[in-house]
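Here is how the chains run, residue by residue.
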Amino acid sequence: MLKTLFISAMLAVTGSAFAQIRSYVGVVRQQYYPEHVKYFEDYRDELKDQGYSTYAGYVDSYLEGGFGSGFVVVTSDGTNYVVTNRHVVSQAATASVEFEDGETGKITKYEGLTVVLTDDDIDIAILGFKNGAKPFKKGLTLSSSKISDGAEVWSAGFPGLGSEPAWQLGKGTATNASARIKELLDPSISTIIQHSAQIDAGNSGGPLMVASSKGTAGYEVIGINTWKAYQRDSTNFAIPAAVIKDMIARAQKKLSAQEDKALLDSRIAKFSDALASSEYYDLVKYISYDRASKSGQEDFEATLHFASSKIRSSVLEAFAYSPAEGLRYACAYQLWKKYGSESNDGLKYACGKSEKNGDKASVVYTASEEDSFTAQWIKEHGLWRIESFSFDEKDENGNVKTKSNSKNKNKDKNKNSSSGLSFAAPELSSWDSLVLTAGADISLNGDPLAFALGMDLFASSGFTGWSFMYQRFTVESDIESFDLNNVGVGAVLRIPVKTGSFGFVPYGKILGTIGYGNSICTLGYTAEAGLQVMFRTDSSVHFGIGAGYKQTYVTEFMDTSTDEFDEDNGFDNFTAKALTVYGIISF
């Protein structure tokens, strides 16, 4: 009986604490810069007009906005902050936070929060209330203790239920209190906490806690929930409270002009090192969202059209996650391609002395007397990032020109709104690296219908590659008639031309072949030229049809029934001429 009463009492006390915890954990939403919203609305419409329906859908989802979680921390001087993940507010002009009363469901919303501080290497953002307001007398308590494996932990936040945030308090254990996963956080900065408390999309930025009589509402924050491993069950990760404390201390510190200049010079030098990196994405952290909204479209389209499939895939993956991030990746790639050491025979650009004026600065990067450029830097979310370059096209006021989304559109595009297919001005563009075909060869010699399979693999340029084929056709000679299985490998050249969501691909290929049938081995070649028509070239999987002229020549070199090379037994050679028609699927 006593044990039952003890459990009931614990449940009652814990339930009371839960209601209090909810008072300090809220739903965080970012509000984009108005000019960025206008830009992406125009760009979405242009993508739709050009037949890029998939990419336009990504932009639509982006404009609808998402949400994450965050929690209140009040410093010793009474300053109110909301702590969340950087990726929750990465493109925010301002942010809002909503708190829900667990008893009545009443929502208290605060708008106009500013991003006081972020960090490229740490997925944490510190938000300040509008005009320094202090609506909270206390916030959650940040723990000074380090937890151990097996410790009981609690997650709190507002993961999505349908499309709306819903309160969730989860319970689990610390399964690795000092995880070292460099892909998530550099171990030289901090280890991270792996735990099994419930985490779902929308929990990002919420607190990870332990029960404590010393903490607000009976809990102390030991970390901020940031990642979830989708390949494993109940494998979630949080950044420790010590890192949060350090970020808040940095947010509170008023940098002197010399300290801010030192941070700028450090970023400038690291950018120069990143240019020399073998990976373009090391430059992404230095590209401002402001630049992405001005130059990102042109860089994005250039990357889609001319970059290797590996680069395109990484940029498209970022674009699908967030179009603004995708544009930053495209800007970084085009910059790396233009000035990176990897793309310029080891040429390295050294940074000169920076000239700083408030929250703007400029610096010249020089590789030689003939090779130099100037980068303009701005302060964005507390970080120095690149706004523009000297090679950018600028207007009469010195501002970077954006690619117009409303001008030069072809109003007479033949667009089928129900299918999403459209035509646009033709442009040379590569959109796949693997092409599979299956079809039939209609003989021009009067021979029976033949069956053919093909596979083309393309190099980074997308225009030349390897070609493989299998065909089965009937050999007719004066001596005999038999079916021949013929396989070949060779080279293919194509010129893919994109017009909206359609693609037209003239091509030619030649393959060396080896065949077998009726105990006879053959050698020969196949030459083919034709045209392919592709559909939905903006998606990851494309379909199409093709037709061409094919000529196959084979000659006997061995009769396996006698294991002898015999030119007199069987046939000397055979030439098959055919019209080949086939279906296509490509990736």
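If you're wondering where the values come from, they're calculated on a predicted model, not measured in any experiment. (Residues numbered from 1 in each chain as written. Predicted model: local features only at pLDDT ≥ 70, side-chain atom pairs only at ≥ 80, totals over all residues. Heavy atoms only, no water.)

**Q** Outline the overall build of the protein chain, supporting the account with residue identities and numerical values.
**A** Within the protein chain, the secondary structure is distributed over eight helices and 30 strands. Here the protein chain holds 587 residues, and the buried ones make up 48% of them. Taking the intrachain contacts of the protein chain between residues at least 6 apart in sequence as the baseline, contacts between residues at least 24 apart amount to 64%. (Helix = DSSP H or I, 4+ residues; strand = E, 2+ residues; numbered from the N terminus. Buried < 20%, exposed > 50% of the residue type's maximum accessible area, 1.4 Å probe, protein only. Contact = heavy atoms within 4.5 Å.)

**Q** Give me the lowdown on the nonpolar core, citing residues and values where you can.
**A** Grouped together as the largest cluster of nonpolar side chains are 50 residues, with contacts concentrated most on I21, F71, V83, V89, I124 and I126. Considering every element that reaches this core, the biggest residue donor is helix α4 (residues 241–252), with five residues. Those residues in contact with I124 that lie beyond four places of it in its chain are V83, T84, N85, R86, L117, T118, D119, I224, I239, V243, I244 and M247. One finds Y39, I268, V284 and F319 within the second-largest nonpolar core, a separate group that totals 47 residues. (Core = buried A, V, L, I, M, F, W, Y, C linked by side-chain atoms within 4.5 Å.)

**Q** So what's going on with the confidence of the model for the protein chain? Residues and values would help.
**A** Overall, the prediction assigns the protein chain a mean pLDDT of 85, with 86% of residues at 70 or greater. Within the protein chain, the lowest mean pLDDT, 44, falls on helix α1 (residues 2–22), and the highest, 98, falls on strand β3 (residues 80–84). The low-confidence segment residues 404–422 (pLDDT under 50) makes 37 contacts with residues lying over four places distant or belonging to another chain. (pLDDT = per-residue confidence, 0-100.)

**Q** Could you give an account of the layout of surface pockets, with specific residues and numbers?
**A** Regions of empty space are outlined by a rolling probe, equal in size to a water molecule, passed over the atoms. By volume, the second largest pocket is sized at about 910 Å³. L117, R250, L255, L263 and G382 are the residues nearest the centre of the second largest pocket, which is lined by 34 residues in total. At the level of elements, β3, β5 (107–118), α4, α5 (257–275) and β20 (383–389) are the ones that each hand at least two residues to the lining of the second largest pocket. For the lining of the second largest pocket, the element with the highest residue contribution is α5, accounting for five residues. When its residues are assigned to classes, the lining of the second largest pocket shows 13 nonpolar, eight polar and 13 charged. (1 Å grid on protein atoms, 1.4 Å probe; cavity = no way out; pocket = protein on both sides within 12 Å on 5 of 7 lines; lining within 4 Å. Points joined across faces, edges and corners; volume = space filled by probe spheres on them. Nonpolar A, V, L, I, M, F, W, Y, C, P; charged D, E, K, R; others polar.)

**Q** Let's hear about the sheet that holds strand β6 (residues 125–128): which residues, and what values?
**A** Spatial ordering of the closed barrel is given by β1-β2-β3-β6-β5-β4, a layout of six strands whose pairing is antiparallel. The average undirected angle you get between the axes of adjacent strands in this sheet is 45 degrees. Packed on one face of the sheet, α4 meets β2 (68–74), β3, β5 and β6 and runs near 80 degrees to β5. (Pairing = 2+ DSSP bridges. Axes fitted to C-alpha atoms, helices over the stretch in contact; angles between N-to-C directions.)

**Q** Explain the side chain of T118 residue by residue, including any values.
**A** Looking at the element boundaries, T118 is found in strand β5. A distance of 3.1 Å separates a polar atom in the side chain of T118 from the backbone oxygen of H381. The residues touching T118, leaving out its near neighbours within four places in the chain, are R86, I124, A125, M247, R250, H381, L383 and R385. (Polar contact = N/O pair within 3.5 Å; in protein donor to acceptor, adjacent residues only side chain to side chain.)

**Q** How would you summarise the pattern of salt bridges if you had to cite specific residues and measurements?
**A** In this structure the tally under the stated criterion is 23 salt bridges. A salt bridge links K285 to D121; the nearest nitrogen and oxygen atoms lie 3.2 Å apart. Residue K285 is found in the loop between α5 and α6 (289–306), and its partner D121 is found in the loop between β5 and β6; the two are separated by 164 residues along the sequence. When the shortest N-O distance is used, the salt bridge between K356 and D260 registers 3.4 Å. Within this pair, whereas K356 is found in strand β17 (residues 355–357), its partner D260 is found in helix α5, the two being separated by 96 residues in sequence. Connected via shared salt-bridge partners are R44, D45, K48 and D60. (Salt bridge = Lys/Arg side-chain N within 4 Å of Asp/Glu carboxyl O.)

**Q** Tell me what's going on with the pairing of β6, and back it up with residues and numbers.
**A** Residues A125 and L127 point to one face of β6 and I126 and G128 to the other, with burial holding for every one of them. Relative to β6, β3 runs antiparallel, the two sharing four bridges. Bridged to T84 within β6 is A125. Pairing between β5 and β6: four bridges, direction antiparallel. By the bridge assignment for β6, L117 is matched with I126. In this antiparallel pair of consecutive strands, β5 and β6, the connection spans six residues.

**Q** I'd like to hear about unusual backbone geometry, residue by residue, with values.
**A** Located in the positive-phi region is A217, a residue other than glycine, with phi close to 60 degrees. Looking at the secondary structure, you find A217 in the loop between β13 (207–211) and β14 (219–228). Given the relative accessible area of 12%, A217 is considered buried. With phi around 70 degrees, S519 is a residue other than glycine that occupies positive phi space. Tracing the sequence through the fold places S519 in the loop between β27 (502–517) and β28 (520–535).

**Q** For the packing of aromatic side chains, give the residues involved together with the corresponding values.
**A** In total, this model carries 35 aromatic pairs according to the counting rule given. Summarising the aromatic geometry, the rings of F300 and F319 are spaced 4.5 Å apart at their centres and angled 15 degrees between planes, so their arrangement reads as stacked. Residue F300 is located in helix α6, and its partner F319 is located in helix α7 (residues 309–321); the two are separated by 19 residues in the primary sequence. The two residues F300 and F319 agree in class, both being buried. Ring centres of Y333 and W336 lie 6.1 Å apart, and the angle between their planes is 35 degrees; this geometry places the pair in the tilted category. Remark: W336 and Y333 occur in helix α8 (residues 323–339); sequence separation between them is three residues, near one turn of the helix. With respect to class, Y333 is no different from W336; both count as buried. Among the aromatic residues, ring-to-ring pairing joins F271, Y286, Y339, Y349, Y365, F373, W377, F389 and F391 into one connected group. Over the ring of F391 we find K338; its NZ or CZ atom is 5.5 Å from the centre of that ring. One cation-aromatic arrangement involves R494 over F458; the distance from NZ or CZ to the ring centre is 3.7 Å. (Phe/Tyr/Trp six-rings, centres within 6.5 Å; stacked < 30°, edge-to-face > 60°. Lys NZ or Arg CZ within 6 Å of the ring centre and 35° of its normal.)

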